[in-house]
Amino acid sequence: MANAKVKCVMLGDTLARDAHRYREPDLEHAIGRLKRARKACEAALQASPKDARVMQYLGMLRLADRDDSGATLLQKAANTGDGEAMRGYAAAILAGNVPGKDIAEGVRFMESAAQAGNMQAQAELGLVLARGSYGVPRDTERALRLLRRYGRRGNPQAHFALALIFLTTNPVAADDPDGLADRDLARHYLDKASRAGLPEAQAMFGQLLLKNARTKAERERARDLIMAAANAGSQRAAYFLGTLYSMGYTVPEDQAKARHWYCRGGPDGVALAAVEFGEDSCLDSGPDSYLNP
């Protein structure tokens with residue numbers, strides 16, 4: 001049953017995060033993947049009924065399958081004190097997927113997960129507070145204080161969250177009415193998160209650098225960041241890398257490579273590949289294609 005757990009975690013991680021983004025023409029394929037993942041997790045739970053990770057992934061998959069028992073299982077996993085399980089339960093509450101639970105409880109579980117050292121929870125807590133998401137009272141000062149503390153402790157996701165905040169809000173408006181410091185700080189934190197190897201930060205920073213590049217060296221650095229992120233599994237980077245190969249910009253034009261990366265670029269990439277290369281062009285593009293996990 002160890003293999004069932006491995007399969008549960010691998011498929012559950014991908015599908016619980018991405019299944020809601022599926023759309024035609026790949027919706028039927030997505031439903032099949034959900035069923036396979038849930039089957040693996042149900043088997044894993046029978047073998048390891050107290051495993052927090054298995055309970056978490058199965059709970060998320062049940063919710064994705066509109067099975068309300070998933071909420072109970074997520075809470076049971078969170079009550080073990082596992083940081084990732086607490087983060088998953090908090091996220092489900094904040095998204096409104098757990099009946100009878102209010103936003104305050106979601107925030108409490110997210111805070112507990114952050115205090116337990118879960119890096120993703122630390123970043124998500126900061127973003128929720130900075131943006132006032134889900135009806136949570138906005139507290140930019142606390143968000144910045146927490147994220148900077150977590151960043152100093154070595155959390156690249158906190159640096160990425162700080163970059164997102166400085167790209168979308170202006171917490172230093174009184175000192176910088178034109179917002180220039182925001183852009184500088186965003187680049188600073190994107191650079192730190194990228195150097196730590198965070199794929200989504202590399203993807204965003206690469207695009208930002210490429211947009212403003214003035215020299216060949218700057219364009220090459222931007223391209224290298226996008227390539228690194230795409231090879232690490234970033235759908236955003238894969239989609240953009242497909243565009244670079246299609247246009248022949250910073251890389252030699254190569255339509256086969258463009259199709260390869262579009263097919264790894266999430267639903268938008270699959271849709272574009274269907275237009276450019278044929279409706280079923282991603283179904284035979286390799287085991288790591290978005291349609292062939």
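Quick notes on the rules
- What you see as residue numbers is a count from 1 along each chain, following the sequence as written.
- Note on the predicted model: pLDDT of at least 70 is required for a residue's local features to be given, and 80 or more for side-chain atom pairs to be given and counted; whole-chain, interface and lining totals, by contrast, use all residues.
- Excluding hydrogens and water, the side-chain values take into account all heavy atoms of the structure.
- Where helices and strands are cited, they refer to DSSP runs of H or I of at least four residues and of E of at least two residues respectively, numbered from the N terminus.
- Known as pLDDT, the predictor's confidence for each residue is given on a scale from 0 to 100.
- It only takes one pair of heavy atoms within 4.5 Å for two residues to be counted as in contact.
- Residues enter patches when they are more than 30% accessible in relative terms and free of salt bridges; like-charged ones are connected within 9 Å and nonpolar ones (Val, Leu, Ile, Met, Phe, Trp, Tyr) within 5 Å.
- For the accessible areas, the method is Shrake-Rupley and the probe is 1.4 Å, while residue cover comes only from the protein chains on display.
- When a carboxyl oxygen of Asp or Glu lies within 4 Å of a side-chain nitrogen of Lys or Arg, that pair is called a salt bridge.
- Asp and Glu are treated as the negative residues and Lys and Arg as the positive ones, with His and the ends of the chain left uncounted.
- The atoms used to mark charge sites are NZ of Lys, CZ of Arg, CG of Asp and CD of Glu.
- The rule is simple: take the accessible area with a 1.4 Å probe, protein chains only, and divide by the maximum for that residue type; under 20% is buried, over 50% is exposed, in between is partly exposed.
- The arc in question is formed by the directions pointing from the helix axis toward the C-beta atoms.
- Two cysteine sulfurs form a disulfide in these notes if their separation is within 2.5 Å.
- Note on terminology: a nonpolar core comprises buried Ala, Val, Leu, Ile, Met, Phe, Trp, Tyr and Cys residues joined through side-chain atoms within 4.5 Å.
- Side-chain rings of Phe, Tyr and Trp, where Trp is taken by its six-membered ring, are said to pair if the distance between their centres is within 6.5 Å; with planes under 30 degrees apart they count as stacked, over 60 as edge-to-face, and otherwise as tilted.

As a further point, take unusual backbone geometry. Here Y134, not a glycine, exhibits a phi torsion of approximately 60°, which is positive. Assignment of secondary structure puts Y134 in the loop between α7 (119–131) and α8 (140–152). A positive phi is found at T250, a non-glycine position, where the angle reads about 70°. For T250, the location among the structural elements is in the loop between α13 (235–247) and α14 (255–262).

Turning our eyes to something else, we now look at the confidence of the model for the chain. Of the residues in the chain, 84% reach a pLDDT of 70 or more, and the chain-wide mean stands at 86. The low-confidence segment residues 19–27, where pLDDT is below 50, has 13 contacts with residues more than four positions distant or belonging to other chains.

A cluster of basic side chains, namely R145, R148, R149, R152 and R153, defines a positive patch on the protein surface. Inspection of the secondary structure puts R153 in the loop between α8 and α9 (156–168). The exposed category is assigned to R153, whose relative accessible area is 62%.

As a further point, take helix α4 (residues 69–78). Taken together, the buried positions of α4 are G70, A71, L73, L74, A77 and A78. Buried positions in α4, seen along its axis, are confined to an arc of 165° and lie on one side of it.

Right, let's get into the state of the cysteines. Two cysteines form a disulfide when their sulfur atoms are joined by a covalent bond. Per the stated rule, a full pass over the model turns up two disulfides. One disulfide in the model links C263 with C282; its S-S distance is 2.0 Å. Since a negative S-S torsion denotes a left-handed disulfide, the C263-C282 link at about -85° is left-handed. One end of the pair, C263, is in the loop between α14 and α15 (266–277); the other, C282, is in the segment after α15, and 19 residues separate them in sequence. Residue C263 is classed as buried on the basis of its relative accessible area, which comes to 0%. Sequence-ordered numbering of the bonded cysteines in the chain gives a disulfide pattern of 1-2, 3-4.

Along the chain, the position of H159 falls in helix α9. In contact with H159, not counting residues within four places along its chain, are G151, Y189, K192 and A193.

Among the structural elements, F240 can be located in helix α13. Measuring from C-alpha to C-alpha, the distance between F240 and I226 comes to 7.7 Å, with 14 residues separating the pair along the chain. Those residues in contact with F240 that lie beyond four places of it in its chain are Q207, L210 and I226.

Right, let's talk about the pattern of salt bridges for a bit. Counted according to the given criterion, the structure contains twelve salt bridges. Note that E124 and R87 form a salt bridge whose closest N and O atoms lie 3.3 Å from each other. Here E124 is found in helix α7, whereas its partner R87 is found in helix α5 (residues 83–94), with 37 residues between them in sequence. Residue R87 is classed as buried on the basis of its relative accessible area of 7%. Between R221 and D191 there is a salt bridge, with the nearest N and O atoms lying 2.9 Å from each other. Of this pair, R221 sits in helix α12 (residues 216–231) while D191 sits in helix α10 (residues 180–195), placing them 30 residues apart in sequence. Here the salt bridges do not stand alone but share partners, grouping R38, E42, R62, D65 and D67 into one network.

The biggest cluster of nonpolar side chains holds 66 residues, and the ones touching the most others in it are Y89, F160, L190 and L241. Membership of the second largest hydrophobic core comes to 16 residues, among which are L34, C41, L45 and V54.

Tallied over the entire structure, the rule returns three aromatic pairs. Pairing Y89 with F109 gives two aromatic rings, centres 4.9 Å apart and planes at 85°, and the pair type is edge-to-face. Highlighted residues: Y89 in helix α5 and F109 in helix α6 (residues 103–115), separated in sequence by 20 residues. Taken individually, Y89 and F109 each receive the classification buried, so the pair is uniform in this respect. Judged by centre distance (6.1 Å) and plane angle (10°), the rings of F166 and Y189 are stacked. With F166 in helix α9 and Y189 in helix α10, the pair connects residues that are 23 residues apart, well separated along the chain. Taken individually, F166 and Y189 each receive the classification buried, so the pair is uniform in this respect.

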